[in-house]
Amino acid sequence: MRILIAYFTQTGNTEKIARAIHGEVSKDHDAVLHPLGGEPPVDTSGYDVIFVGSPCHAGALSVGAKNFLESIKECTACRLAGFITHASAAYQRDDYVNSMRHFEHFCTKNGIPYAGCFECRGFLAPALHEMVKKSKKISDAEWNGIVEGMAGHPDAGDEDAARRFARSVLG
């Protein structure tokens, strides 16, 4: 089976999950790990499963992940699975659930079998802390608790869960 794991990351959270998925699926399959960004589009023809990863950006997928999805031309014979990382403690659950739904809507619109979506907490980039804290009107004490809750994520438990998700997609 040929598998593509394409992901966009800014802080390394989504890359960590992509690497966990790649490590799991490459044990028994031909798997390619591909970071998304400024590179040319990837030819997705010939893949049996495509995993697409993105951070949650204010309730949406990253531009890099959206652009990749829109570049998929020939994938009617494959399955697509998504994975996202998010700072759930700082945002409402609906924000990252909307990101997850984007994968399903894309698959439905394009006749691609949808294999589900994995999500886990990541650590919000420090450069965004003050902006998020102010936009959500969070007190300093509450914000400190949120930051503590994000620390270390994605962690070993998140990576194990991503590997289990990958096995379920392939199973």
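This text follows the structure it describes.
So, how was this worked out
Residues numbered from 1 in each chain as written. Predicted model: local features only at pLDDT ≥ 70, side-chain atom pairs only at ≥ 80, totals over all residues. Heavy atoms only, no water. Helix = DSSP H or I, 4+ residues; strand = E, 2+ residues; numbered from the N terminus. Rg over C-alpha atoms; globule rule 2.2 N^0.38 Å. Buried < 20%, exposed > 50% of the residue type's maximum accessible area, 1.4 Å probe, protein only. Contact = heavy atoms within 4.5 Å. Areas by Shrake-Rupley, 256 points an atom, 1.4 Å probe, with all protein chains shown as cover. 1 Å grid on protein atoms, 1.4 Å probe; cavity = no way out; pocket = protein on both sides within 12 Å on 5 of 7 lines; lining within 4 Å. Points joined across faces, edges and corners; volume = space filled by probe spheres on them. Nonpolar A, V, L, I, M, F, W, Y, C, P; charged D, E, K, R; others polar. Axes fitted to C-alpha atoms, helices over the stretch in contact; angles between N-to-C directions. Parallel < 35°, antiparallel > 145°, perpendicular 65-115°, else oblique. Left-handed = near helix turned anticlockwise from the far one by under 90°. Lys, Arg positive; Asp, Glu negative; His and termini not counted. Salt bridge = Lys/Arg side-chain N within 4 Å of Asp/Glu carboxyl O.

**Student:** A description of the overall build of the chain should follow, citing residues and the corresponding values.
**Tutor:** When helices and strands are counted, the chain shows 6 helices and 6 strands. Beginning at the N terminus, the succession of helices and strands in the chain can be written as β-α-β-β-β-α-β-α-β-α-α-α. Taken over C-alpha atoms, the radius of gyration comes to 16 Å for the chain, in line with the 16 Å a tight globule of 171 residues would show. Its C-alpha atoms give the chain principal-axis dimensions of about 50 × 30 × 25 Å. Each of the 171 residues in the chain was classed as buried or not, and the buried ones make up 48%. Considering only contacts in the chain between residues 6 or more positions apart, those separated by 24 or more positions represent 78%. For the chain, the computed accessible surface area is about 8,400 Å², with 49% contributed by carbon and sulfur atoms.

**Student:** An account of the layout of surface pockets is needed here, citing residue identities and associated values.
**Tutor:** Volume-wise, the largest pocket comes out at about 340 Å³. The wall of the largest pocket is formed by 21 residues, among which Pro 55, Cys 56, His 57, Leu 124 and Leu 128 lie closest to the centre. For the lining of the largest pocket, the secondary-structure elements that each account for two or more residues are helix H1 (13-25), strand S3 (49-57), strand S5 (79-86) and helix H4 (126-135). Residues that form the lining of the largest pocket fall into these classes: 11 nonpolar, 9 polar and 1 charged.

**Student:** Would you mind going over the packing of H1 against helix H6 (residues 156-170) in detail, with residue names and values included?
**Tutor:** Close contact between H1 and H6 brings their axes to 8 Å; oriented N to C, the two are set at 50 degrees. As summarised for this structure, H1 and H6 are arranged oblique, according to the angle between their axes. Here H1 runs over H6; the crossing is right-handed. Where H1 approaches H6, its residues Lys 16, Ile 17, Ala 20, Ile 21, Glu 24 and Val 25 are matched on the opposing element by Asp 158, Glu 159, Ala 162, Arg 163, Ala 166, Arg 167 and Leu 170. Of the residues in the contact of H1 with H6, the class split is 7 nonpolar, no polar and 6 charged.

**Student:** Outline the side chain of Glu 159, listing residues and values.
**Tutor:** Relative to the helices and strands, Glu 159 resides in helix H6. In this structure Glu 159 is buried but unpaired, with Lys 16 as the nearest side chain of opposite charge at 4.5 Å. In contact with Glu 159, other than residues within four places in its own chain, are Lys 16, Ile 17 and Ala 20.

These figures capture arrangement, not role.
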